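Residue strings, one per chain:
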Amino acid sequence: MIIHTKEDCNNFLLSLNLINKNISDSEKLRLLYTLTNPIEKNYKIYKIRKKNGQFRQIYIPNNLLKSIQRKILKNILNNKKISIYAKAYKKGICLKDNAYPHLNKKIILKLDIINFFDNIEYYDIYRTCFSKEYFPPSVGHLLTNLCTYESRLPQGAPTSAYISNLVLKEFDEEIGHWCDEHNISYTRYSDDMTFSGDFNPQEIIKKVRHYLNYLNLKLNNKKIKVISNSKQQRVTGLVVNKKIQVPKKYRYKIRQEVYYIKKYGLLSHLQKINYEDKPLHYLNSLLGRLNYLLSINSNIEFIKYKEYLTKLRKTYL
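Residue positions are counted from 1 within each chain, in the order its sequence is given. It should be noted that, the model being predicted, local features are given only for residues of pLDDT at least 70 and side-chain atom pairs only at 80 or more, the latter also being counted only at that level, while totals for whole chains, interfaces and linings use all residues. Only hydrogens and water are set aside when side-chain values are computed; all heavy atoms of the structure are taken into account.

A. The arrangement of the overall build of the protein chain in detail. The helix count covers DSSP runs of H or I at least four residues long, the strand count covers runs of E at least two residues long, and both are numbered beginning at the N terminus. A tally of helices and strands in the protein chain yields 13 helices and 8 strands. A total of 317 residues make up the protein chain; the buried ones form 43% of that total. Areas reported here follow the Shrake-Rupley algorithm with a probe of radius 1.4 Å; residue values treat only the protein chains shown as occluding. When the accessible surface of the protein chain is summed, it comes to about 18,400 Å², and 50% of that surface belongs to carbon and sulfur atoms. Only protein chains enter the area calculation, which uses a 1.4 Å probe; residues under 20% of their type maximum are buried, those over 50% are exposed, and those in between are partly exposed.

B. Looking closely at the packing of aromatic side chains. Under the pairing criterion, centres of Phe, Tyr and Trp rings, with the six-membered ring standing for Trp, must be within 6.5 Å; the plane angle then separates stacked pairs below 30 degrees from edge-to-face pairs above 60, leaving the rest tilted. Following the criterion strictly, the structure yields 13 aromatic pairs and no others. On the basis of an interplanar angle of 70° and a centroid distance of 5.3 Å, the ring pair of Tyr275 and Tyr282 is categorised as edge-to-face. Take Tyr282: its relative accessible area is 4%, and that puts it in the buried class. Taking the ring centre of Tyr134 as reference, the NZ or CZ of Lys80 above it sits at 4.6 Å. Our definition puts a charge over a ring when NZ of Lys or CZ of Arg is within 6 Å of the ring centre and also within 35 degrees of the ring normal. In this structure, Lys262 packs its charged tip against the face of Tyr308, placed 5.0 Å from the ring centre.

C. Broad picture of the nonpolar core. With 62 residues, the main nonpolar core has Ile72, Phe130, Leu143, Leu146, Met193, Phe195 and Val208 as its most contacted residues. Residues in contact with Phe130, not counting those within four places in the same chain, are Ile72, Ile76, Leu77, Ile125, Phe135, Gly140, Leu143, Thr144 and Cys147. We define a nonpolar core as any set of buried Ala, Val, Leu, Ile, Met, Phe, Trp, Tyr and Cys residues linked to one another through side-chain atoms lying within 4.5 Å. Formed by 24 residues, the second largest nonpolar core is a distinct cluster that contains Leu238, Tyr282, Leu286 and Leu290. Should any heavy atoms of two residues lie within 4.5 Å, those residues are considered in contact.

D. Summary view of helix H1 (residues 6–15). For H1, the complete set of buried residues consists of Cys9, Asn10 and Leu13. Relative to the axis of H1, the buried residues are bounded by an arc of 95° and lie together on one face. In H1, the exposed positions that point more than 90 degrees away from the buried face belong to Glu7 and Ser15. If you follow the buried residues of H1, they end up packed against helix H2 (25–35) and helix H6 (137–146). The first or second residue beyond H1 is Asn17, which carries a positive phi of 55°. It is the directions from the helix axis to the C-beta atoms that the arc portrays.

E. Just the packing of H1 against H6, in detail. Lines fitted to C-alpha atoms define the axes, with helix axes restricted to the stretch in contact, and inter-axis angles between N-to-C directions lie between 0 and 180 degrees. The N-to-C vectors of H1 and H6 enclose an angle of 45°; their axes lie 9 Å apart at closest approach. The orientation of H1 with respect to H6, classified from their angle, is oblique. Handedness of the crossing formed by H1 with H6: right-handed. Listed contacts from H6 to Cys9, Phe12 and Leu13 of H1 are Ser138, Val139 and Leu142. When its residues are assigned to classes, the contact of H1 with H6 shows 5 nonpolar, 1 polar and no charged. Oblique is the label for any angle not covered by the other classes, which are roughly parallel (under 35 degrees), roughly antiparallel (over 145) and roughly perpendicular (65 to 115). By definition, any crossing whose near helix is turned counterclockwise from its far helix by less than a right angle is left-handed, and any crossing with a clockwise turn is right-handed. Here the nonpolar group is Ala, Val, Leu, Ile, Met, Phe, Trp, Tyr, Cys and Pro; Asp, Glu, Lys and Arg are the charged ones; every other residue, Gly included, is treated as polar.

F. Focus on a positive patch on the surface. Candidate patch residues must exceed 30% relative accessible area and have no salt bridge, after which like charges are joined if within 9 Å and Val, Leu, Ile, Met, Phe, Trp or Tyr side chains if within 5 Å. A side-chain nitrogen of Lys or Arg and a carboxyl oxygen of Asp or Glu constitute a salt bridge if their distance falls within 4 Å. The charge count includes Lys and Arg as positive and Asp and Glu as negative, but it does not include His or the ends of the chains. For charged residues, the charge sits on one atom: NZ in Lys, CZ in Arg, CG in Asp, CD in Glu. Taken together, the side chains of Lys51, Arg56, Lys223 and Lys225 present a region of like positive charge at the surface. Relative to the helices and strands, Lys223 resides in the loop between helix H9 (201–213) and strand E6 (225–228).

G. Broad picture of the sheet that holds strand E5 (residues 192–197). We call two strands paired when DSSP finds no fewer than two bridges between them. With antiparallel pairing, the 4 strands of this open sheet are ordered in space as E4-E5-E3-E6. The open sheet has two edge strands with one neighbour each: strand E4 (185–189) and E6. Neighbour to neighbour, the strand axes of the sheet diverge by 15° on average, direction disregarded. Here strand E3 (residues 107–112) pairs with E6 via 4 bridges, running antiparallel. In the sheet register, Leu109 faces E6, and the bridge partner there is Val226. Contacts from helix H8 (residues 169–181) reach E4 and E5, with the element oriented near 155° to E4. In this fold H9 packs onto E3, E5 and E6, with an angle of close to 25° to the strand it touches most, E3.

H. Here's a closer look at the side chain of Asn220. Structurally, Asn220 can be placed in the loop between H9 and E6. Those residues in contact with Asn220, other than ones at most four positions away along the chain, are Asp112 and Ile114.

I. Structural view of the environment of Arg234. Note that Arg234 resides in strand E7 (residues 234–235). We classify Arg234 as partly exposed; its relative accessible area is 34%. If we ignore the near neighbours within four places in the chain, the residues touching Arg234 are Lys110, Val239 and Pro247. Throughout this description, a polar contact denotes any pair of N or O atoms lying within 3.5 Å of each other; where both atoms belong to protein, one of them has to be capable of donating a hydrogen while the other can accept it, and for residues adjacent in sequence the pair is counted only when both atoms sit in side chains. For Arg234, the side chain forms a polar contact with the side chain of Gln232, separated by 2.7 Å.

J. Representation of the pairing of E5 in the model. Most of E5 sits out of view: 5 of its 6 residues are buried. The sheet contact formed by E3 and E5 spans 6 bridges and is antiparallel. For Ile108, the partnering residue across the bridge sits in E5 and is Ser196. Relative to E5, E4 runs antiparallel, the two being bridged by 5 bridges. Directly across from Arg188, in E5, lies its bridge partner Met193. Here E4 folds back onto E5 in antiparallel fashion, the turn holding 2 residues, of which Ser190 has a positive phi close to 60°.

This is how it looks when you write it as structure tokens:
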């Protein structure tokens, strides 16, 4: 067994380069340990209303802790591979990548993990991200503390998203390999799991429940959906029945707004829809939605809309 002295641990911790401040090594160490005693004092909690009327709590770290977490993400976590079945929080991966495996399939099964971030616990974070296999135990526990709130994964911290993928890597691999053997496509986008092909949904639901149980995670029974190809099939907001595209309603809404701007003028249009913010804010929002659409489906009609709105926007800068 390797014995790590206090000096070994401190030198290892300093080698991670987590603090940018121009202070002595002893001050850096003191600062890191002080932050975690207790870590909760370094967060502000905000509540965001969800579509169902309930609230989601977002934990925002202060600037110092946020800076350290970003260093942990860059210097440690990003060096660890996640599963090929995980399609969120990964550089170079987008919504389209999550939807593509489910294109033109007979059945789509959508499952959701209830209270995803809140139910990822300290031990699983330590075991999958900062274990003694790679870190002296005291350093691993300190890093875990720097990334948790009340021993759980805080939604809102820079490290949380990637950590969630690492914690679920074994789960993704187990489920993904089983699906591959049964000619079923599987992807996970954060807490949303999607399965597609020709299969018995109940068999997959039972298997997923079983494996999630090891992580003390549970399915949200209210969000279990089975969608046949006779209906519109959506995966993370994208239609996948015959080709990947944004929903028709989304395209129609943009087309309608551009039409009214051209017909009545921007200011008259905003007055008609009782828009109270600045015209520039509205144009930025509309261009943002248009850019998203073009990232999924690029066609000449919407490219022309973007050119028109970009030119119009310059008059309000």
